[in-house]
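As a plain string of letters, each chain reads:
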Amino acid sequence: MIEIGKKQALMVVKKTEFGVYLGTEEEKVLLPAKYVDEDTEIGDSITVFVYRDSKDRLIATTNEPLIKLGEVKILKVKQVNNIGAFLEWGLEKDLFLPFKEQTAKVVEGKSYPVALYVDKSDRLCATTRIYPYLKTTSHYKPGDTVRGFAYEHIEKFGMFVAVDGMYQGLIPKKALYGHINIGDEITATVARILPDNKIELTMRAPSYIQIEDDANVILEALNRRNGKLPFTDKASPELIKEEFEMSKAAFKRACGHLLKRNLINITDNNIELNERS
């Protein structure tokens, strides 16, 4: 059986001027002559990838596609038009990404994590709705630094991330600091591994590493404002997030760190730069 979207070894059943037919007498697919060795004979086995050409005919190629059926890979958008987008995937005919399969509008020239699937017309298409295609793993541990691609944002949950392009990751809504777009490549820290082996992420390093960076952010803000902030470490979480892109807990830790170093004073209404710092 010839399977679209997969690499498979097929037998040569017929030779012509324009190529060879592979498969069986009942079910065969053309491998164009440019992919056929001169000494190929009927009965030989050739490993090929099968897809549809620009005229929707089944065609075989010995070229290696950048993605195969069921995989998740990072592909570049070559063109966007009024019916969808077209991705580069190593074959002559670009890969179609329909609008309805985009979790957010894709941008020409940018790369996105996508999966390959067969649509209702038996054509290969791409989707950025990759959640069902990603795996779970117990390979990581809390505190690990990982890289991934943001692929879908759901307000209720947060930003979904393809960790190392293949594993299910999530930055929960409460841990989303800074602006992340769909398709952005990010570096994150593993916060915890959930019971189902999905990965919960944070954009911030572990507190013992992050505290120095957070303290420097506060010092920079104090220097910009002539040594005084119009609030204390008891400010609302919303204000702290807007001002510093950090949680209230992280802000309080950083303020405590600066107090111990005698770099700031905290009054009833302000945080002030210590004159001796």
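Up top is the structure.
In this text, all values refer to a predicted model and were calculated from it rather than measured experimentally.

Draft legend 1. Here's a closer look at the overall build of the protein chain. Helices and strands together make up the secondary structure of the protein chain, namely three helices and 18 strands. For a compact globule of 277 residues, the expected C-alpha radius of gyration is about 19 Å, and the protein chain comes in at 27 Å, more than 25% above that figure. Split into buried and exposed, the 277 residues of the protein chain put 45% on the buried side. Measuring between centres, the 40 positive side-chain charges of the protein chain sit 6 Å from its 41 negative side-chain charges.

Draft legend 2. Fine view of the sheet that holds strand 18 (residues 271-273). Taken together, the three strands give an open sheet; going across it, the order is 16-18-17, and neighbouring strands pair in antiparallel fashion. Edge positions in the sheet fall to strand 16 (228-229) and strand 17 (264-266), since each of these pairs with one other strand and no more. Judged from the two bridges that link them, strand 16 and strand 18 form a sheet pairing that is antiparallel. Bridge assignment links K228 to a residue of strand 18, and that residue is E272.

Draft legend 3. Representation of the nonpolar core within the structure. Residues L87, W89, L95, M159, V163, I171 and L201 are the most contacted members of the largest nonpolar core, which totals 37 residues. Not counting the four nearest positions on each side in its chain, W89 is found in contact with F49, Y51, P65, L66, I67, L75, D94, L95, L116 and L124. Counting 19 residues, the second largest nonpolar core, distinct from the first, contains L222, A250, L258 and I271.

Draft legend 4. A negative patch on the surface, seen in detail. There is a patch of like negative charges on the surface, built from D37, E38, D39 and D44. Within the secondary structure layout, D39 lies in the loop between strand 3 (28-32) and strand 4 (45-52).

Draft legend 5. Structural detail: the sheet that holds strand 12 (residues 158-163). Strand order in the closed barrel formed by five strands is 11-12-13-15-14, and the pairing between neighbours is mixed. On average, each strand axis in the sheet is tilted by 50° relative to the strand beside it, whichever way the strands run. Where strand 14 (residues 185-193) lies against strand 15 (residues 199-202), four bridges are found, and the strand directions are antiparallel. From the neighbouring strand, I193 faces strand 15, where its bridge partner is I199.

Draft legend 6. Here's a closer look at helix 3 (residues 248-260). In a regular helix each residue adds 1.5 Å, so 13 residues correspond to 18 Å; helix 3 covers 18 Å between its end C-alpha atoms and thus fits that length. Taken together, the buried positions of helix 3 are A250, F251, A254, C255 and L258. Down the axis of helix 3, the smallest arc covering the buried residues is 135°, so these residues share one side.

Draft legend 7. Summary view of the environment of G43. Within the element layout of this structure, G43 appears in the loop between strand 3 and strand 4. Judged by its relative accessible area of 43%, G43 is partly exposed. In this structure, the C-alpha to C-alpha distance between G43 and V13, residues 30 residues apart in sequence, is 6.3 Å. In contact with G43, not counting residues within four places along its chain, are M11 and V12.

Draft legend 8. Examining unusual backbone geometry more closely. Even without a glycine there, the phi angle at D56 is positive, about 65°. Tracing the sequence through the fold places D56 in the loop between strand 4 and strand 5 (58-61). Despite not being glycine, D164 has its phi angle at roughly 55°, a positive value. Along the chain, the position of D164 falls in the loop between strand 12 and strand 13 (167-172). Residue class for D164 comes out partly exposed when judged on its relative accessible area of 41%.

Draft legend 9. Representation of the pairing of strand 15 in the model. Covered by surrounding structure in strand 15 are I199 and L201 together with E200 and T202, the residues of both alternating faces. Here strand 13 runs beside strand 15; their pairing, made up of two bridges, is parallel. For G169, the partnering residue across the bridge sits in strand 15 and is I199. Count of turn residues in the strand 14/strand 15 antiparallel hairpin: five residues, of which N197 carries a positive phi of about 70°.

How each quantity is defined
Residues numbered from 1 in each chain as written. Predicted model: local features only at pLDDT ≥ 70, side-chain atom pairs only at ≥ 80, totals over all residues. Heavy atoms only, no water. Helix = DSSP H or I, 4+ residues; strand = E, 2+ residues; numbered from the N terminus. Rg over C-alpha atoms; globule rule 2.2 N^0.38 Å. Buried < 20%, exposed > 50% of the residue type's maximum accessible area, 1.4 Å probe, protein only. Lys, Arg positive; Asp, Glu negative; His and termini not counted. Charge placed at Lys NZ, Arg CZ, Asp CG, Glu CD. Pairing = 2+ DSSP bridges. Core = buried A, V, L, I, M, F, W, Y, C linked by side-chain atoms within 4.5 Å. Contact = heavy atoms within 4.5 Å. Patch = residues over 30% accessible without salt bridge, like charges linked within 9 Å, V, L, I, M, F, W, Y side chains within 5 Å. Areas by Shrake-Rupley, 256 points an atom, 1.4 Å probe, with all protein chains shown as cover. Salt bridge = Lys/Arg side-chain N within 4 Å of Asp/Glu carboxyl O. Axes fitted to C-alpha atoms, helices over the stretch in contact; angles between N-to-C directions. Expected span 1.5 Å × (residues − 1). Arc of directions from axis to C-beta.

By themselves, these are just geometric observations and shouldn't be taken as functional.
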